[in-house]
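If you want the building blocks of each chain, they are given just below.
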Amino acid sequence: MSVLPTLHRTVTVRGHRIAYREAGPADAPVLLLLHGFPTSSHMFRDLIPPLAGRGYRLIAPDHLGFGRSAAPSADEFDYTFAALASLTAEFTEALGLDRYALYIQDYGAPIGLRLALAHPERVTAIVTQNGNAYTEGLGAEAWAPVLALIENRTPETEEPVRAIRSLDGIRWQYETGVPAEYRELLSPDAWHHDAALMAREGQDGIQLGLIADYGSNFALYPAFQEYFRTSRVPLLAVWGEGDQVFVPAGAEAFRRDLPDAEIHLLPTGHFALETHAPRIAELIGDFLKRRAGE
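This structure is a prediction, so every number in the text was calculated from the model and none was measured.

(A) Structural detail: the packing of helix α5 (residues 155–162) against helix α8 (residues 203–212). Relative to each other, α5 and α8 sit at 105°, their axes nearing to 11 Å. Here α8 runs roughly perpendicular to α5, going by the angle between their axes. Counted together, Glu158, Val161 and Arg162 of α5 and Asp204, Leu208 and Ile211 of α8 form the full contact between these two elements. Of the residues that constitute the contact of α5 with α8, the class distribution is 3 nonpolar, no polar and 3 charged.

This is how it looks when you write it as structure tokens:
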């Protein structure tokens, strides 16, 4: 299997610089990789090369406000999931992507599933890695401060949520649920990278705005589930079973609307690629190959 380089590119969408990683043949089937909070396309650094080598074109944008993309202040841009999804749709159109499989994780799930609702004919398959679409998937303890903020945004409810994007809060997301035998696979560079970006000026307003808007995703869960039932989109769930943010019940729930969904619970946490990128690449490659042959 050849090793293809990962390119680091930018494109201007609606006046905003969107950074993205790309690898693989230009005419190959596309896998659009949508990252979660608090990271960026950096989370896909170990997944992109093996899948590009298997003959796929990987496109991984940094959402506006994240990674190397522009980060206008919350006064300059209305940070909602609907707005990020709209911007991502325009990003795909700017790159000429009219057919693609989706990889969705954390924030990438409601963004990607909004793309699927708007243009179901463009989505060939979905890979969800701790990317939730069911209330069963919400870890009670982790979500308690977020739900309090969603219900009533005040200085008192904002403060506990700010801790989520601190260095300690981000490290918790990487380490929690990872068994001892896999802990040494975790690179501290990952959470220090994310924490440095989350500490930039303007991030407080950006991230509080998005978290406060998360209730808009809950409101769309019935529509997402109806999309699954009507489209019968092929779906692979590769889920860190130790995740306390999006718990394994969220993975299993996909079978309620997609009985043929493939579910793999892996012995790791929220950021499963940090410990199981080779296994996930293998599962995705085999899944997409089977679907292409149907």
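Moving on from the model shown.
(B) View of the nonpolar core. Of all hydrophobic cores here, the largest spans 71 residues; its most connected members are Phe91, Leu102, Ile126, Phe228 and Phe254. Among the elements that take part in this core, helix α2 (residues 81–94) stands out by supplying 7 residues, more than any other. Leucine 102 has contacts with Leu31, Leu32, Leu34, Gly112, Leu115, Val123, Ala125, Ile126 and Val127, leaving out every residue within four places of it along the chain. Of all hydrophobic cores here, the second largest spans 28 residues; its members include Tyr56, Ala101, Ile280 and Ala281.

(C) Inspection of the sheet that holds strand β4 (residues 57–61) at higher detail. Within the open sheet, the 8 strands sit side by side as β1-β2-β4-β3-β5-β6-β7-β8. Their pairing is mixed. Only two strands of the sheet have a single neighbouring strand rather than two, namely β1 (7–13) and β8 (262–266). Direction aside, neighbouring strands of the sheet carry axes that sit 20° apart on average. As judged from the 5 bridges shared by strand β7 (residues 235–240) and β8, these two strands associate in the parallel manner. In the sheet register, glycine 240 faces β8, and the bridge partner there is leucine 266. α2 contacts β1, β2 (16–23), β3 (30–34), β4 and β5 (100–104) of the sheet and is inclined by roughly 110° relative to β1. Sheet strands touched by helix α3 (residues 108–118): β3, β5 and β6 (123–128). Its angle to β5, the strand with the most contacts, is close to 155°.

(D) Spotlight on the pattern of salt bridges. In this structure the tally under the stated criterion is 18 salt bridges. Here glutamate 274 makes a salt bridge to arginine 45, at a shortest N to O gap of 2.8 Å. You can see glutamate 274 sitting in helix α12 (residues 273–292) and its partner arginine 45 sitting in the loop between β3 and α1 (48–53), a full 229 residues away along the chain. Assessed through its relative accessible area of 8%, glutamate 274 is described here as buried. Look at arginine 45 and you get partly exposed, because its relative accessible area is 23%. One salt bridge connects glutamate 226 with arginine 229, and the closest N-O pair in it is separated by 2.7 Å. Of this pair, glutamate 226 and arginine 229 both sit in helix α9 (residues 215–231), separated by 3 residues, roughly a single helical turn. Judged by its relative accessible area of 37%, glutamate 226 falls in the partly exposed class. Accessibility expressed as a relative area gives 37% for arginine 229, which makes it partly exposed.

(E) Quick peek at the packing of helix α4 (residues 140–151) against α5. α5 packs onto α4 with a crossing angle of 145° between their chain directions and a minimal axis gap of 9 Å. Taken as a pair, α4 and α5 cross one another with a handedness that is left-handed. Every residue of α5 that contacts α4 at Pro145, Val146, Ala148 and Leu149 is listed here: Thr157, Glu158, Pro160 and Val161. Within the contact of α4 with α5, the residues separate by chemical class into 6 nonpolar, 1 polar and 1 charged.

Reading the values: rules and limits
- Residues numbered from 1 in each chain as written.
- Predicted model: local features only at pLDDT ≥ 70, side-chain atom pairs only at ≥ 80, totals over all residues.
- Heavy atoms only, no water.
- Axes fitted to C-alpha atoms, helices over the stretch in contact; angles between N-to-C directions.
- Helix = DSSP H or I, 4+ residues; strand = E, 2+ residues; numbered from the N terminus.
- Parallel < 35°, antiparallel > 145°, perpendicular 65-115°, else oblique.
- Contact = heavy atoms within 4.5 Å.
- Nonpolar A, V, L, I, M, F, W, Y, C, P; charged D, E, K, R; others polar.
- Core = buried A, V, L, I, M, F, W, Y, C linked by side-chain atoms within 4.5 Å.
- Buried < 20%, exposed > 50% of the residue type's maximum accessible area, 1.4 Å probe, protein only.
- Pairing = 2+ DSSP bridges.
- Salt bridge = Lys/Arg side-chain N within 4 Å of Asp/Glu carboxyl O.
- Left-handed = near helix turned anticlockwise from the far one by under 90°.

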